[in-house]
Amino acid sequence: MLLIHCPYCKESRDQSEFSPAGEAFIARPESPEGISDEEWADYVFYRTNHKGNHWEQWVHTNGCRKYFLVERSTISHQILQVAPFGARNSETEL
Amino acid sequence: MQKKYSWYSLLKAGLNDQDWDQAIPLIQPKSKYDVIIIGAGGHGLATAYYLAKECGINNVAVVEKGYIGGGNTGRNTTIIRSNYLRDEASSLYEHALKLWEGISEDLNFNVMFSQRGVYNLGHSLQNMRDIERRVNANVLNGIDAVVVDANEIKQQIPIINISKNARYPIMGASYQARGGVARHDGIAWGFARAASMLGVDIIQDCEVIDIEVEEGRVKGVKTTKGEILADRIGCVSAGHSSVLAKMAGLRLPIESHPLQAFVSEAMKPILHTVVMSNAVHGYISQSDKGDLVIGAGIDGYNSYAQRGSTKIVEHAAAAILELFPIFSRVRMNRQWGGIVDVCPDACPIISPTKVEGLYFNCGWGTGGFKATPGSGNVFAHTIAQDKQHPLAEPFHIDRFTTGGLIDEHGAAGVAH
């Protein structure tokens with residue numbers, strides 16, 4: 001069971017209050033009509049599926065209902081850090 | 001030399017202090033093979049077996065980072081059925097079910113395949129409409145299926161709760177009499193032994209650390225037991241498919257999630273069939289050993305940890321108690337998780353890739369066990385002929401680009 005710190009409520013709460021919402025930093029292509037089917041498929045369906053430290057989105061469903069970013073290990077489930085949206089835009093950004 | 005199992009061999013070994021031959025030789029890899037299969041689970045071993053038996057390719061290695069059948073093959077709830085809605089999916093799973101029906105004789109290994117029937121319960125009018133639609137589709141495809149009402153279910157399973165006062169009352173079910181269960185690691189051992197008798201090398205404790213690609217063509221693998229060369233490589237590694245794909249510079253439309261199951265202490269026979277419910281989301285059967293085998297859904301987050309959240313266990317237990325209040329005081333014995341490779345359309349990928357000579361059989365998600373022999377069979381033909389087996393054609397990875405998805409996820413109306 002995970003204990004997740006909501007960056008908006010500023011409290012660590014039980015995982016059952018939250019819902020996972022998939023890999024982070026997947027940006028919708030700016031001009032969908034201008035890209036190939038392969039690029040569109042990559043955006044819609046293909047995923048990195050990291051083994052290791054992984055940035056993902058969670059939503060505080062039974063709390064503030066806001067989405068935020070979580071860096072978590074998919075090997076140990078340890079949560080390394082959380083961040084509100086806009087605080088970072090890629091995995092490597094400091 | 002390994003010998004055929006028979007009544008005579010059983011009697012002889014019984015009288016000779018259980019002096020059995022080793023079922024699978026422990027060997028070191030050669031430097032080159034015609035085909036390497038990565039992953040010695042049920043699907044990988046089945047692939048190697050059918051390559052040797054039906055495709056005339058015996059110079060095959062199966063490399064496995066752990067031990068045979070130690071991943072999802074040994075972790076699932078062993079439910080076997082073929083009552084899928086879509087033609088593409090039901091043809092593939094029916095192909096597998098037909099192979100299951102003769103597999104113990106074929107492999108000379110008792111996989112304890114037991115056709116005890118599978119009920120998929122409906123709890124609402126919409127559930128029942130979906131069930132009728134699916135049963136009709138099955139019948140049109142020549143797959144045995146019937147719709148039964150709540151009273152018929154009660155007659156067959158007296159301990160089930162069909163009260164109208166239940167939170168989600170049972171209204172009926174689809175029933176596939178040819179469905180059932182099998183011994184999960186039995187199928188891995190059976191395929192491994194039969195494949196090794198046909199000359200396949202099964203190399204355990206041999207993890208692939210890199211896939212070597214040269215000018216768009218696969219060349220071989222680097223493993224913890226050295227480099228092994230091959231012109232063709234089949235990846236059948238379930239939850240770790242994305243990791244292998246990355247080694248070859250590919251991406252997959254797959255995410256890895258934990259799927260949990262648990263068993264109770266053993267008890268006398270009380271449930272003679274398999275009961276599944278998608279609406280309350282749980283599935284249960286009783287193993288030959290006597291323990292109740294229970295499973296449910298995946299955790300929503302990505303994981304490679306082979307364990308999941310307690311809230312999923314709680315949810316599955318609640319669902320089972322909704323159906324069988326009599327089990328409320330049954331004590332649970334063990335609980336575990338496996339890592340399943342989930343595709344966006346809940347259908348597998350059985351496909352060549354952009355790298356020549358590299359094939360993937362993955363994305364079986366939460367329901368791969370039932371397909372084990374069929375999956376290996378069509379994948380073996382796909383590798384041998386460098387052309388997809390007709391039953392595998394709809395499962396090409398390109399469907400995510402063309403949009404030809406096989407919408408089985410919700411349409412099946414049943415847990416996988």
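Let us look at the structure shown here. (Residues numbered from 1 in each chain as written. Chains lettered and ligands numbered in written order. Predicted model: local features only at pLDDT ≥ 70, side-chain atom pairs only at ≥ 80, totals over all residues. Heavy atoms only, no water.)

## Overview of a nonpolar patch on the surface
Residue and element names in this part refer to chain A.
Next, step 1: On the surface, Tyr8, Tyr67 and Phe85 cluster together into a nonpolar patch covering about 300 Å² of accessible area.
Next, step 2: Note that phenylalanine 85 resides in the segment after β6 (79-84).
Next, step 3: Here phenylalanine 85 falls in the partly exposed class, since its relative accessible area comes to 40%. (Patch = residues over 30% accessible without salt bridge, like charges linked within 9 Å, V, L, I, M, F, W, Y side chains within 5 Å. Areas by Shrake-Rupley, 256 points an atom, 1.4 Å probe, with all protein chains shown as cover. Salt bridge = Lys/Arg side-chain N within 4 Å of Asp/Glu carboxyl O. Helix = DSSP H or I, 4+ residues; strand = E, 2+ residues; numbered from the N terminus. Buried < 20%, exposed > 50% of the residue type's maximum accessible area, 1.4 Å probe, protein only.)

## Considering the nonpolar core
Residues and elements named next belong to chain B.
Next, step 1: In terms of nonpolar packing, the biggest core is built from 51 residues, with Leu45, Leu51, Trp100 and Phe191 touching the most fellow members.
Next, step 2: Those elements that provide at least two residues to this core are β1 (32-38), α2 (42-54), β2 (60-63), α3 (87-107), α6 (184-197) and α9 (372-385).
Next, step 3: With sequence-adjacent residues up to four places away left out, phenylalanine 191 is seen in contact with Gly42, Leu45, Ala46, Tyr49, Tyr50, Ile103, Leu107, Thr372 and Pro373.
Next, step 4: In this structure, Ile38, Val221, Ala245 and Leu252 belong to the second largest nonpolar core, which totals 32 residues. (Core = buried A, V, L, I, M, F, W, Y, C linked by side-chain atoms within 4.5 Å. Contact = heavy atoms within 4.5 Å.)

## What about the sheet that holds strand β16 (residues 332-342) of chain B?
All names here are of chain B.
Next, step 1: Taking strand neighbours across the sheet as the criterion, the eight strands line up as β5-β6-β4-β13-β14-β15-β12-β16 in an open arrangement whose pairing is mixed. Each edge of the sheet is formed by a strand with only one pairing partner; in this case those strands are β5 (146-149) and β16. In this sheet, adjacent strand axes meet at a mean angle of 20 degrees when their direction is disregarded.
Next, step 2: As judged from the five bridges shared by strand β4 (residues 118-122) and strand β6 (residues 172-176), these two strands associate in the antiparallel manner. Pairing of valine 118 across the sheet is with glutamine 176, part of β6. (Pairing = 2+ DSSP bridges. Axes fitted to C-alpha atoms, helices over the stretch in contact; angles between N-to-C directions.)

## What about the interface of chain A and chain B?
Next, step 1: Taken together, the contact pairs 26 residues of chain A with 26 residues of chain B.
Next, step 2: Carbon and sulfur atoms make up 51% of the area that chain A and chain B hide from each other, which totals about 2,300 Å².
Next, step 3: At the junction of chain A with chain B, the criterion picks out one salt bridge.
Next, step 4: Measuring nitrogen to oxygen at the nearest pair gives 3.0 Å for the salt bridge that ties arginine 251 of chain B to aspartate 42 of chain A.
Next, step 5: Applying the counting criterion to the chain A and chain B interface returns 14 residue pairs in polar contact (both at pLDDT 80 or more).
Next, step 6: Looking at the side of chain A that touches chain B, the elements that each hand over two or more residues are β3 (19-23), α1 (37-44) and β4 (53-59) of chain A.
Next, step 7: Element by element, the count of residues in the side of chain A that touches chain B is highest for α1 of chain A, at four residues. (Buried area = accessible area lost by both parts, 1.4 Å probe. Polar contact = N/O pair within 3.5 Å; in protein donor to acceptor, adjacent residues only side chain to side chain.)

## Here's the deal with the environment of glycine 368 of chain B
Next, step 1: Assignment of secondary structure puts glycine 368 of chain B in the loop between β18 (358-362) and α9.
Next, step 2: On a C-alpha basis, the gap between glycine 368 of chain B and glycine 42 of chain B in space is 9.3 Å, while along the polypeptide they are 326 residues apart.

## Some points on the packing of aromatic side chains
Residues and elements named next belong to chain B.
Next, step 1: Taken as a whole and judged by the stated rule, the model has 16 aromatic pairs over all chains.
Next, step 2: Their ring planes at 50 degrees and their centres at 6.2 Å tell us that tyrosine 5 and phenylalanine 109 sit as a pair that is tilted. Highlighted residues: tyrosine 5 in the segment before α1 (7-15) and phenylalanine 109 in the loop between α3 and β4, separated in sequence by 104 residues.
Next, step 3: Using a relative accessible area of 28% as the deciding quantity, one classes tyrosine 5 as partly exposed.
Next, step 4: Aromatic pair tyrosine 119 and tyrosine 175: ring centres 4.4 Å apart, planes at 35 degrees, arrangement tilted. With a gap of 56 residues between them, tyrosine 119 in strand β4 and tyrosine 175 in strand β6 connect regions that are remote in the sequence.
Next, step 5: Feature note: the residues Tyr5, Trp20 and Phe109 constitute an aromatic cluster, connected by ring pairs.
Next, step 6: Directly above the aromatic system of tyrosine 168 lies the positively charged group of arginine 167, at a separation of 4.4 Å from the ring centroid.
Next, step 7: The residue whose ring lies beneath arginine 193 is tyrosine 5, and the NZ or CZ to ring-centre distance is 3.5 Å. (Phe/Tyr/Trp six-rings, centres within 6.5 Å; stacked < 30°, edge-to-face > 60°. Lys NZ or Arg CZ within 6 Å of the ring centre and 35° of its normal.)

## Overview of the state of the cysteines
Next, step 1: Applying the stated criterion to the full structure yields zero disulfides over all chains.
Next, step 2: Free of any disulfide, cysteine 9 of chain A has its nearest cysteine sulfur in cysteine 64 of chain A, 3.7 Å distant.
Next, step 3: A disulfide-free cysteine, cysteine 347 of chain B has its sulfur positioned 8.0 Å from the sulfur of cysteine 343 of chain B, the nearest such atom. (Disulfide = S-S within 2.5 Å.)

## Some points on the pattern of salt bridges
Residues and elements named next belong to chain B.
Next, step 1: What the rule picks out here adds up to 18 salt bridges over all chains.
Next, step 2: Of the charged contacts, one joins aspartate 185 and arginine 183 as a salt bridge, the two residues approaching to 3.3 Å between their closest N and O atoms.
Next, step 3: When its relative accessible area of 33% is taken as the criterion, arginine 183 is described as partly exposed.
Next, step 4: Because the salt bridges share partners, they merge into one network encompassing Glu94, Lys98, Glu101, Asp144 and Arg178.

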